[in-house]
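The lines below spell out each chain.
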Amino acid sequence: MRSFSLESETDRPSFPLDTQGCIPGLTKNGRRVALRSLIETFLHAEEDLAITHPSPGTVVACYELLLAICHAAGLTPEDPDQWKEQVEEREPLTRVVDWLSTPANRRLFDLFDPERPFGQNILLAEHLDEHGYSPVQMVLERAKDYNQFADHVHLHNSEPMKAHDAFLAMITQHCYGLGGRVMAPVKLFGKPFTYGSVARLGTRVRVLAIGDSVADTLRLNLCPSDSGGTLNTTWTGNPKRRTFASNRETRPADGPADWHSALGRSILLRPRHAPGVPPGEMVVDRILLGAGESITVDALADHDTVYVNSRPLQASLSRALWRDAHAIYGASLDSSRGSSLFTLIAGLDRPIKLLAVGLDAVNTKVAGWVRDVFPYNPLRTGALFTAAKDGALLADEAVQSVRRAAAVACRYAYPGKSRENTKTLMGRFDASDEVWARAGAPFHHLLEAVAGGTGAVDALRDYAATMRRVATEALDERLRPLPPNTRGWRAAVQARDELRHQLATKHMFAMYQEIADVTP
């Protein structure tokens with residue numbers, strides 16, 4: 001049994017998520033963030049615009065929890081027809097509020113319950129004081145990885161974390177926890193517990209359909225199923241939970257609620273009353289973190305998965321998500337996807353947004369979050385797919401063209417260069433990174449225009465002209481430092497001529513230039 005070493009039961013730490021502010025919601029005017037309890041989140045869901053947080057992964061984790069609660073409360077649509085009815089009729093979320101308000105369910109959401117702490121594994125209680133570490137270990141962006149290296153002083157820092165921040169970091173861990181060694185001692189817990197697998201969303205890009213309010217977004221992302229499934233509120237609440245007898249223990253989710261709330265980490269928080277603040281305000285000063293559940297990837301995971309070359313779309317800081325936007329739109333054109341998110345939203349009669357979020361991690365180290373938002377209009381899916389596909393190809397051809405121009409500039413600027421330093425010297429003129437960076441804004445403008453009704457060909461023609469200008473300006477910036485002598489002038493002239501030649505002969509640029517030439 002967990003002990004808090006407090007003088008009386010009335011002094012016991014408590015943080016009931018149904019009444020304490022925990023979910024950051026963007027209010028109706030779009031100018032204020034309100035920290036709402038779970039019940040308040042559903043009460044204000046029709047008027048609040050969205051969930052908001054500096055960490056994209058935390059935004060997704062909040063939606064995951066809210067979706068799990070919706071399914072557990074009985075909002076699961078039985079089939080695509082009922083899903084569409086709930087979305088179009090804007091079925092109220094009062095059923096969820098009623099479900100959360102029952103005495104039996106209210107205790108499920110106490111973050112510091114002494115027997116069933118929300119989202120945590122109470123079996124770790126006897127080891128928490130001796131083997132716990134700073135709560136910063138939960139924060140993916142700060143901890144970077146779990147390994148106990150000597151330079152990870154911040155993982156030993158006992159600086160406390162506010163209860164609501166600890167809650168948000170914990171649910172983000174459940175969704176995106178990294179694979180690899182954690183800081184719990186192997187001799188005490190064993191290898192299966194001290195080597196965590198990647199959490200359910202850590203290996204792919206998660207796509208959410210975003211509506212005009214929190215409630216609309218939740219209804220859009222509900223997964224049709226025969227059963228809502230089990231809501232995971234605490235580790236000891238499920239007899240099928242893994243025993244850590246081996247690294248290969250997995251189990252299938254029994255429904256959407258189980259999938260959305262799967263406990264990707266075994267974790268326990270140590271609360272205490274915050275000094276110098278109003279009575280009752282809690283902080284977390286220590287945590288213990290270990291491997292959690294490993295859920296079998298099945299149809300529930302496939303509901304929003306985007307595939308590129310038959311593999312789930314993964315996040316990469318070196319490759320912007322918009323370059324694969326065509327795969328997201330293409331998923332809505334794939335009739336074989338059954339009742340996936342993409343086939344469901346294809347049957348809507350109004351535009352929405354698609355939020356794509358992924359975590360780029362190299363082995364056990366976080367590189368960063370990748371996030372993007374794309375317009376979606378079910379009446380324009382084919383045109384959006386064409387625009388996204390050809391737009392990405394045009395950007396790629398622009399990059400290839402400036403690289404070729406850079407090679408020409410290097411050849412004329414440094415005629416006596418050795419083979420060994422060619423790459424370094426060419427990097428002086430290679431503007432490909434600038435082109436990629438500047439292509440994102442016009443690409444999104446392209447998609448917005450097409451989603452709004454502009455023909456794909458017309459929009460792509462304008463985009464091709466923009467990318468031609470972007471490539472030319474980026475190259476000119478790299479050529480500007482050339483010395484004002486014959487060699488410098490010749491290198492600049494030859495590079496610009498090469499860029500014009502490349503852009504005129506590349507397949508996509510040539511095609512849209514031809515369209516421009518014949519357009520009256």
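Residues numbered from 1 in each chain as written. Predicted model: local features only at pLDDT ≥ 70, side-chain atom pairs only at ≥ 80, totals over all residues. Heavy atoms only, no water.

**Things to note about the pattern of salt bridges**
And then number 1: Within the structure shown, the criterion is met by 30 salt bridges.
And then number 2: In this structure, the salt-bridge partner of Glu-88 is Lys-84, at a minimum N-O distance of 3.9 Å. With Glu-88 and Lys-84 both in helix H3 (residues 80–88) and 4 residues apart, this pair spans about one turn of that helix.
And then number 3: With its nearest N and O atoms 3.7 Å apart, the salt bridge here joins Arg-337 to Asp-302. Here Asp-302 lies in helix H13 (residues 299–302) and Arg-337 lies in the loop between helix H14 (325–331) and helix H15 (341–345), a separation of 35 residues in the sequence.
And then number 4: Here Arg-337 falls in the buried class, since its relative accessible area comes to 12%. (Salt bridge = Lys/Arg side-chain N within 4 Å of Asp/Glu carboxyl O. Helix = DSSP H or I, 4+ residues; strand = E, 2+ residues; numbered from the N terminus. Buried < 20%, exposed > 50% of the residue type's maximum accessible area, 1.4 Å probe, protein only.)

**Details of a negative patch on the surface**
And then number 1: Where like charges cluster on the molecular surface, the negative patch consists of Glu-78, Asp-79, Asp-81, Glu-85, Glu-89 and Asp-226.
And then number 2: As for its placement among the helices and strands, Asp-79 is situated in the loop between helix H2 (56–72) and H3. (Patch = residues over 30% accessible without salt bridge, like charges linked within 9 Å, V, L, I, M, F, W, Y side chains within 5 Å. Areas by Shrake-Rupley, 256 points an atom, 1.4 Å probe, with all protein chains shown as cover. Lys, Arg positive; Asp, Glu negative; His and termini not counted. Charge placed at Lys NZ, Arg CZ, Asp CG, Glu CD.)

**Brief notes about the packing of helix H18 (residues 432–451) against helix H19 (residues 456–479)**
And then number 1: H19 packs onto H18 with a crossing angle of 165° between their chain directions and a minimal axis gap of 10 Å. Relative to H19, H18 is oriented roughly antiparallel. Like other packed secondary-structure pairs, H18 and H19 cross with a definite hand, here right-handed. Taking contact as the criterion, the partners of Glu-434, Val-435, Arg-438, Ala-439, Pro-442, Phe-443, Leu-446 and Val-450 in H18 are, on H19, Ala-456, Ala-459, Leu-460, Tyr-463, Thr-466, Met-467, Val-470, Ala-471, Glu-473, Ala-474, Glu-477 and Arg-478. (Axes fitted to C-alpha atoms, helices over the stretch in contact; angles between N-to-C directions. Parallel < 35°, antiparallel > 145°, perpendicular 65-115°, else oblique. Left-handed = near helix turned anticlockwise from the far one by under 90°. Contact = heavy atoms within 4.5 Å.)

**Section: the packing of aromatic side chains**
And then number 1: Taken as a whole and assessed by the stated rule, the structure comprises 13 aromatic pairs.
And then number 2: Their ring planes at 10° and their centres at 5.8 Å tell us that Trp-235 and Phe-244 sit as a pair that is stacked. This pair shows no difference in class: Trp-235 is buried, exactly as Phe-244 is.
And then number 3: Judged by centre distance (6.5 Å) and plane angle (15°), the ring pair of Tyr-329 and Tyr-376 falls under stacked. (Phe/Tyr/Trp six-rings, centres within 6.5 Å; stacked < 30°, edge-to-face > 60°.)

**Considerations on the state of the cysteines**
And then number 1: Overall, the coordinates contain 0 disulfides when judged by the stated rule.
And then number 2: The thiol sulfur of Cys-22 is not disulfide-bonded, and the nearest other cysteine sulfur, from Cys-62, lies at 7.7 Å.
And then number 3: With no disulfide of its own, Cys-223 lies 13 Å from the sulfur of Cys-70, the closest cysteine sulfur. (Disulfide = S-S within 2.5 Å.)

**Regarding the packing of H19 against helix H20 (residues 486–505)**
To describe two helices that pack against each other, one gives the angle between their axes and the distance between the axes.
And then number 1: Between H19 and H20, the least distance of the axes is 11 Å, while the angle of their chain directions is 160°. When the axis of H19 is compared with that of H20, the two are roughly antiparallel. Handedness of the H19/H20 crossing: right-handed. Each of Arg-468, Ala-471, Thr-472, Leu-475, Asp-476 and Leu-479 in H19 lies in contact with H20, whose residues at this interface are Ala-492, Ala-495, Arg-496, Leu-499 and Leu-503.
And then number 2: Of the residues contributing to the contact of H19 with H20, the split by class is 7 nonpolar, 1 polar and 3 charged. (Nonpolar A, V, L, I, M, F, W, Y, C, P; charged D, E, K, R; others polar.)

**Brief notes about empty space enclosed by the protein**
And then number 1: With the rule as written, the count across this model stands at 2 cavities of 30 Å³ or more.
And then number 2: Considering only enclosed or pocket space, the largest cavity measures out at about 110 Å³ in volume.
And then number 3: Forming the walls of the largest cavity are 14 residues, and the residues nearest its centre are Leu-65, Ile-171, His-174, His-260 and Ser-261.
And then number 4: Within the lining of the largest cavity, the residues separate by chemical class into 7 nonpolar, 5 polar and 2 charged.
And then number 5: Taken as a whole, the second largest cavity spans an internal volume of roughly 70 Å³.
And then number 6: In terms of lining residues, the second largest cavity is bounded by Arg-206, Asn-221, Cys-223, Pro-256, Trp-259, His-260, Leu-300, His-303 and Asp-304. (1 Å grid on protein atoms, 1.4 Å probe; cavity = no way out; pocket = protein on both sides within 12 Å on 5 of 7 lines; lining within 4 Å. Points joined across faces, edges and corners; volume = space filled by probe spheres on them.)

**A word on the pairing of strand S9 (residues 282–291)**
And then number 1: Most of S9 sits out of view: 9 of its 10 residues are buried.
And then number 2: Bridging between strand S4 (residues 161–162) and S9 involves 2 bridges; their strand directions are antiparallel. Across the sheet, residue Met-161 finds its bridge partner in S9, namely Val-284.
And then number 3: When strand S8 (residues 265–273) meets S9, the two strands line up antiparallel, connected through 9 bridges. Its bridge partner lying in S9, Arg-270 is registered against Arg-286. (Pairing = 2+ DSSP bridges.)

**What to know about the side chain of Asn-105**
And then number 1: The topology assignment puts Asn-105 in helix H5 (residues 103–106).
And then number 2: For Asn-105, a relative accessible area of 13% corresponds to the buried category.
And then number 3: A polar contact is formed between the side chain of Asn-105 and the backbone oxygen of Trp-99, at a distance of 2.8 Å.
And then number 4: In this view, Asn-105 contacts Trp-99 and Leu-100; residues no more than four positions away in its chain are not counted. (Polar contact = N/O pair within 3.5 Å; in protein donor to acceptor, adjacent residues only side chain to side chain.)

**A look at helix H21 (residues 507–518)**
And then number 1: Between its terminal C-alpha atoms H21 stretches 17 Å, which fits the 16 Å expected from 12 residues at 1.5 Å a residue.
And then number 2: The complete set of buried residues in H21 reads Met-508, Phe-509 and Tyr-512. Buried residues of H21, seen end-on, are gathered within an arc of 95° and therefore sit on one face of the element. Exposed residues on H21 whose side chains face more than 90 degrees from its buried face are His-507, Glu-514, Asp-517 and Val-518.
And then number 3: Contact partners of the buried residues in H21: helix H16 (381–413), H19 and H20. (Expected span 1.5 Å × (residues − 1). Arc of directions from axis to C-beta.)

**So, the sheet that holds strand S3 (residues 50–51)**
And then number 1: Pairing within the open sheet is antiparallel, and its 3 strands lie in the order S2-S1-S3. Edge positions in the open sheet fall to strand S2 (33–36) and S3, since each of these has one partner strand only.
And then number 2: When strand S1 (residues 23–26) meets S3, the two strands line up antiparallel, connected through 2 bridges. Bridge assignment links Leu-26 to a residue of S3, and that residue is Ala-50.

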